[in-house]
Amino acid sequence: MERLTVHMSVNGTHFERAVEPRLLLSDFLRHELGLTGTHVGCEHGVCGACTVLFDGEPMRSCLLFAIQANDHAITTVEGLGDETHLHPLQSAFREAHGLQCGFCTPGFLMTLVPFLQENPNPSEDEIRMAISGNLCRCTGYQNIVDAVILAGKQ
């Protein structure tokens, strides 16, 4: 199988790898770079669990080929903060119990970071619209909304 060289910045670090043209960005992040915070739920772009920032915009990494990220900047949930210095939205999720099983949480965070940058004090309706493309099977939406409101106040 032919392999193509891809160059990309992931969480501020430059990577170069030879990949098969059909390798999905989500698989590249998880299996080539070991960034398993990007979860793969439906593999059809419906659930939002695989959302990453692609040049600052939220995108479903299960719908993109790794080669499409060539010369672009990707941010995964690992790029938001670390165990000792959480991103304010991560702190708000923890404080407001905005996660239950946690599977969908990375996708919610990566969807909401740019949303909060553009809308620092969103209404509950605006938050619900922003997360309408992310699914939580634990039905924890109210605590997620509460976490976003809390993050907006910080």
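Please refer to the structure higher up on the page.
> Give me the lowdown on unusual backbone geometry, citing residues and values where you can.
Residue Glu43 is not a glycine yet carries a positive backbone phi of 60 degrees. Taking relative accessible area as the criterion, Glu43 reaches 51% and is therefore assigned exposed. The phi dihedral of Asp71 is positive, around 65 degrees, even though this residue is not glycine. Within the secondary structure, Asp71 is located in the loop between strand E4 (57-60) and strand E5 (72-75). Taking the relative accessible area as the measure of exposure, Asp71 reaches 60% and is therefore exposed.

> So what's going on with the pattern of salt bridges? Which residues, and what values?
This model, assessed by the stated rule, comprises two salt bridges. Here Glu124 makes a salt bridge to Arg128, at a shortest N to O gap of 3.3 Å. Of this pair, Glu124 and Arg128 are both found in helix H4 (residues 124-130), four residues apart, which corresponds to roughly one turn of the helix. A relative accessible area of 34% places Glu124 in the partly exposed class.

> So what about the environment of Glu126? Which residues, and what values?
Relative to the assigned elements, Glu126 resides in helix H4. Along the sequence, Glu126 and Phe115 sit 11 residues apart, while their C-alpha atoms lie 9.5 Å from each other. Beyond its immediate chain neighbours, meaning those up to four positions away, Glu126 contacts Phe115 and Asn121.

> Could you give me a rundown of helix H5 (residues 141-153), with the residues and numbers involved?
For an α-helix the count is 3.6 residues per turn, leaving residues at separations of three or four pointing the same way. In a regular helix each residue adds 1.5 Å, so 13 residues correspond to 18 Å; H5 covers 19 Å between its end C-alpha atoms and thus fits that length. Listed as buried for H5 are Ile144, Val145, Ala147, Val148, Ala151 and Gly152. Looking down the long axis of H5, one finds its buried residues gathered within 160 degrees of arc, a one-sided arrangement. Residues of H5 that are buried make contact with helix H2 (88-95), helix H3 (105-118) and H4.

> Describe the environment of Ala130, naming the residues involved and giving the relevant values.
Along the chain, Ala130 turns up in helix H4. The class of Ala130 is partly exposed, set by a relative accessible area of 21%. Taking C-alpha positions, Ala130 is 13 Å from Glu57, a pair spaced 73 residues apart along the chain. Aside from chain neighbours lying at most four places away, what touches Ala130 is Thr111, Leu112 and Phe115.

What counts, and where the lines are drawn
Residues numbered from 1 in each chain as written. Predicted model: local features only at pLDDT ≥ 70, side-chain atom pairs only at ≥ 80, totals over all residues. Heavy atoms only, no water. Buried < 20%, exposed > 50% of the residue type's maximum accessible area, 1.4 Å probe, protein only. Helix = DSSP H or I, 4+ residues; strand = E, 2+ residues; numbered from the N terminus. Salt bridge = Lys/Arg side-chain N within 4 Å of Asp/Glu carboxyl O. Contact = heavy atoms within 4.5 Å. Expected span 1.5 Å × (residues − 1). Arc of directions from axis to C-beta.

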